[in-house]
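# Structural overview for review
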Amino acid sequence: MKLRLFPQEPAGLALLSQMAGVIVAATGTLSEILGAPASEHERLSEELHEHESKSLDLHFALLTHMRTSFVNPLPREDMYTLSRFLNEAMEKLDAAGELVALYKLDRLPKRAADQLEIISRQAELTVDAMRKLEDLDELEDYWIEILRLAKRAERTHRIWVAEMLQDMKSAQYARNRDIANQLVEVTKDMRRIATQVGSIIVKES
């Protein structure tokens with residue numbers, strides 16, 4: 001028997017799904033930045049800022065929806081927490097792209113692309129999961145897979161840092177480490193979202 005809180009897909013869940021979709025789009029833009037010459041960084045960084053602005057607009061739209069809606073599919077604090085983590089993940093992606101532009105980095109190690117691949121996959125899974133929050137039976141696999149991807153991201157981060165220490169001078173290391181830290185924090189935010197979903201599953205089961 002499916003655990004279903006409400007029979008329809010509420011607007012709040014659609015907004016959460018859209019926020020995750022913005023992260024998917026932003027990872028694509030950040031991937032372009034990593035492969036683009038420094039002359040293109042400012043333009044692409046502005047595109048990332050637009051993604052961040054859209055995420056914030058969706059976050060505020062969700063807050064307004066929760067205040068004005070008589071019935072919400074989940075407790076307001078759960079929806080707010082999910083929205084906050086999604087928006088914070090987008091902010092860190094935006095910061096990573098801005099740092100690439102500010103530091104005028106022509107190329108980052110392959111580990112950066114590896115982390116973006118993980119973030120993109122986490123975000124894609126989250127797009128679908130946010131729509132299914134009214135049907136929690138389908139979300140255990142999502143929860144487990146996001147945690148697996150987060151562990152992979154943390155290991156990639158450790159290897160990346162070790163390689164940078166071996167191969168880079170101190171100033172170059174510091175610049176690249178800033179970006180590495182932003183990217184691994186995005187994966188942690190995505191993990192926090194999955195953990196919150198896990199908490200919802202436990203509470204509602």
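Quick notes on the rules
- Residues numbered from 1 in each chain as written.
- Predicted model: local features only at pLDDT ≥ 70, side-chain atom pairs only at ≥ 80, totals over all residues.
- Heavy atoms only, no water.
- Helix = DSSP H or I, 4+ residues; strand = E, 2+ residues; numbered from the N terminus.
- Rg over C-alpha atoms; globule rule 2.2 N^0.38 Å.
- Buried < 20%, exposed > 50% of the residue type's maximum accessible area, 1.4 Å probe, protein only.
- Contact = heavy atoms within 4.5 Å.
- Areas by Shrake-Rupley, 256 points an atom, 1.4 Å probe, with all protein chains shown as cover.
- Lys, Arg positive; Asp, Glu negative; His and termini not counted.
- Charge placed at Lys NZ, Arg CZ, Asp CG, Glu CD.
- Core = buried A, V, L, I, M, F, W, Y, C linked by side-chain atoms within 4.5 Å.
- Polar contact = N/O pair within 3.5 Å; in protein donor to acceptor, adjacent residues only side chain to side chain.
- Axes fitted to C-alpha atoms, helices over the stretch in contact; angles between N-to-C directions.
- Parallel < 35°, antiparallel > 145°, perpendicular 65-115°, else oblique.
- Left-handed = near helix turned anticlockwise from the far one by under 90°.

This paragraph deals with the overall build of the protein. A tally of helices and strands in the protein yields six helices and zero strands. Listing the helices and strands of the protein from first to last along the sequence gives α-α-α-α-α-α. Here the C-alpha atoms of the protein give a radius of gyration of 18 Å, agreeing with the 17 Å that 2.2 N^0.38 yields for 205 residues. When its C-alpha atoms are laid out on the principal axes, the protein stretches across 55 × 30 × 20 Å. Burial status across the protein gives 49% buried among its 205 residues. Of all intrachain contacts in the protein linking residues separated by at least 6 positions in sequence, the fraction that spans at least 24 positions is 82%. Accessible surface computed for the protein: about 10000 Å², of which carbon and sulfur atoms make up 51%. Across the protein, the 27 positively charged side chains and the 34 negatively charged ones have centroids separated by 5 Å.

It is worth spelling out the environment of E140 at this point. By the element assignment, E140 lies in helix α5 (residues 140-167). Given a relative accessible area of 45%, E140 falls into the partly exposed group. Between the alpha carbons of E140 and A194 there is a distance of 9.4 Å; along the sequence they are 54 residues apart.

With that settled, the discussion passes to the nonpolar core. I23, L93, M130, L133, Y142 and L183 are the most contacted members of the largest nonpolar core, which has 62 residues in total. Residues within four places of L93 in sequence aside, it is in contact with I23, A26, T27, L30, L48, L116, I119, L183 and V186.

This part takes up the side chain of D189. On the secondary structure map, D189 appears in helix α6 (residues 170-204). Among the polar contacts made by the side chain of D189, one reaches the main-chain amide nitrogen of A89 at a distance of 3.3 Å. Other than its neighbours up to four places away in sequence, D189 contacts F85, E88, A89 and K92.

Attention now goes to the packing of helix α1 (residues 11-35) against helix α4 (residues 110-131). Two numbers describe how α1 lies on α4: the axes approach to 8 Å, and their chain directions differ by 165°. The pairing of α1 with α4 is recorded here as roughly antiparallel in orientation. Read as a crossing pair, α1 and α4 show a hand that is left-handed. Packed against α1, whose contacting residues are L13, L16, S17, A20, G21, I23, V24, T27, L30, S31 and L34, the element α4 presents A112, A113, L116, I119, S120, A123, E124, T126, V127, M130 and R131 at the interface.

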